[in-house]
Amino acid sequence: MVVGSMVIPKYANPKIIYTPKDIQADMLSEHGMNLTYMQAWRAKEKALEFLRGHPADSYNKLPSYLYILEKTYSGSVVKLKKTDDDCFMYVFVAICTSISGWEYCRPVVVVDGTFLKSAYTGIMLISSTIDASGTILPLVYVVVDSENDASWKWFFEQFKHAYGERPNICVVSDQNESILKETSIVYPGMPHYSCIWHIWTNIRAKFKKGHLKLSELYFATARSYTLDEFNERMSKIEEIDPRVKVYLYNIGYHRWSRVHATVNRTWTMTSNIAESLNAVTKDARDLPIVELLEYMRTLLECWTNEKLLKTKGTFTYLRFKFNKELDDNRTLSHKLRVRASTDYLYTILYGVNRYIVCLENKRCSCG
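All chains use their own residue numbering, which begins from 1 and follows the written sequence. It should be noted that, the model being predicted, local features are given only for residues of pLDDT at least 70 and side-chain atom pairs only at 80 or more, the latter also being counted only at that level, while totals for whole chains, interfaces and linings use all residues. Remark: hydrogens and water are excluded; side-chain values derive from all non-hydrogen atoms of the structure.

The protein goes by Protein FAR1-RELATED SEQUENCE 3-like in an unreviewed UniProt entry, where it is assigned to Nicotiana sylvestris.

Now the structure itself:
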């Protein structure tokens, strides 16, 4: 208890890794105390208990925490589901800033789950999208017991309650059968697309032939914009390994190919933004549930404030990322040599110049 109380500040930030061996080394160098590994480990556990309380106590605080969260962030959607004997089952949080921001985002939702490492384990499900500035916008974070049909159905039911339905909305995820099944129930007719990176890792594990050539061809095929390009590249894949073509056909071309997609999934061909969120929250996964939810709230609020400050410092029609891309493309276009008639070139350049003028004047009447 004494040593644990001395090392409490080391565990205030969940991103800081401070192991029992570190406790042994610090106690020896600073105080001349030679601790065994087990003593150091018990000191760490005691320090975490002093700092965060017992994990079971955190579940007792959950209803009051959610009540305060809902009152503080008016317009948020917060749901707590319990079992018949009043034990925790699921918790769902959608902050009002994300709900209001969703209106201005493309209707492409990326979902994924990650393991929790606290005393009672569980799974944290996260959905996110790309906002108008090209950055990640977390939409909801949910804690459930495991990734199964019941938990995913509850997840999408609450998501629909918070965000409703939009034309051309779609979901991108790994090839989890529960996600595919429950989206078709809660959102009938909504397309579900598979992350092309997850499909590639499955191909690499199942088929041991020509990985180097297949990798380049597969990703180029998935991102093809025309059917001619797609068919040509699929023929080359078949030449390398016919089994890969059969495997991709059985998944369904519309699930991973851009040209076969029934709605415009834009650049979101993978679930990387969800994986990025999982990486950011890696150090918080062993926190008790209330501390975990508070960590997510703080992270979301911090990102929102950063975006607000950047927006206030932006004086172009588009954000810096896309504005720079337009400028770079304009510079590169000056170096292109085009074979076309003078009238055709005049028509194209006139249209491009009108579009640029409209962007600069923050209006568009040229269709």
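A.B. asks: Report on the pattern of salt bridges, specifying residues and quantitative values.
C.D. replies: When a carboxyl oxygen of Asp or Glu is within 4 Å of a side-chain nitrogen of Lys or Arg, the pair counts as a salt bridge. Inspection of every chain in the model, using the stated rule, returns 11 salt bridges. One salt bridge connects D86 with K82, and the closest N-O pair in it is separated by 3.5 Å. Three exposure classes are used, based on accessible area relative to the maximum for each residue type with a 1.4 Å probe and protein chains only: buried under 20%, partly exposed in between, and exposed over 50%. Taking relative accessible area as the criterion, K82 reaches 38% and is therefore assigned partly exposed. Here R233 makes a salt bridge to E229, at a shortest N to O gap of 3.9 Å. Of this pair, R233 and E229 both sit in helix 10 (residues 227-240), four residues apart, roughly one helical turn. A relative accessible area of 24% means that R233 is categorised as partly exposed. Salt bridges here are not isolated pairs; linked through shared partners, they connect E294, R297 and E301. Each helix corresponds to a stretch of at least 4 residues labelled H or I by DSSP, and each strand to a stretch of at least 2 residues labelled E; elements are numbered beginning at the N terminus.

A.B. asks: Lay out the domain arrangement of the protein in plain terms, naming residues and giving numbers.
C.D. replies: In terms of domain boundaries, the protein breaks down into domain 1 (2-52), domain 2 (54-191 + 269-317), domain 3 (197-261) and domain 4 (320-364). Distance from the C-alpha centre of domain 1 to the C-alpha centre of domain 2: 33 Å. Boundary definitions for the domains trace back to an automatic or database domain assignment.

A.B. asks: Hey, could you go over the packing of aromatic side chains for me, with residue numbers and the actual values?
C.D. replies: Only the six-membered ring of Trp is used, alongside the rings of Phe and Tyr, when aromatic pairs are assigned; centres must lie within 6.5 Å, and planes under 30 degrees apart are stacked while those over 60 apart are edge-to-face, with the rest tilted. Per the counting criterion, the structure on display carries 21 aromatic pairs. Judged by centre distance (6.0 Å) and plane angle (20 degrees), the ring pair of W200 and Y218 falls under stacked. One end of the pair, W200, is in helix 8 (residues 196-206); the other, Y218, is in helix 9 (residues 211-222), with 18 residues separating them in the sequence. Of the two residues, W200 and Y218, both sit in the buried class. Their ring planes at 70 degrees and their centres at 5.1 Å tell us that F230 and Y253 sit as a pair that is edge-to-face. Separated by 23 residues along the polypeptide, F230 in helix 10 and Y253 in helix 12 (residues 253-256) bring together distant segments of the chain. Per residue, the accessibility class of F230 equals that of Y253, and both read buried. Taken together, W197, W200, Y218, F219, F230, Y249, Y253 and W256 form an aromatic cluster joined through their ring pairs. Remark: a charge is flagged as sitting over a ring if the NZ atom of Lys or the CZ atom of Arg is within 6 Å of the ring centre and within 35 degrees of the ring normal. Looking at K160, its charged tip hangs above the ring of Y187, at a distance of 5.4 Å from the centre. The ring of W102 has R166 lying over it, and the distance from NZ or CZ to the ring centre is 4.8 Å.

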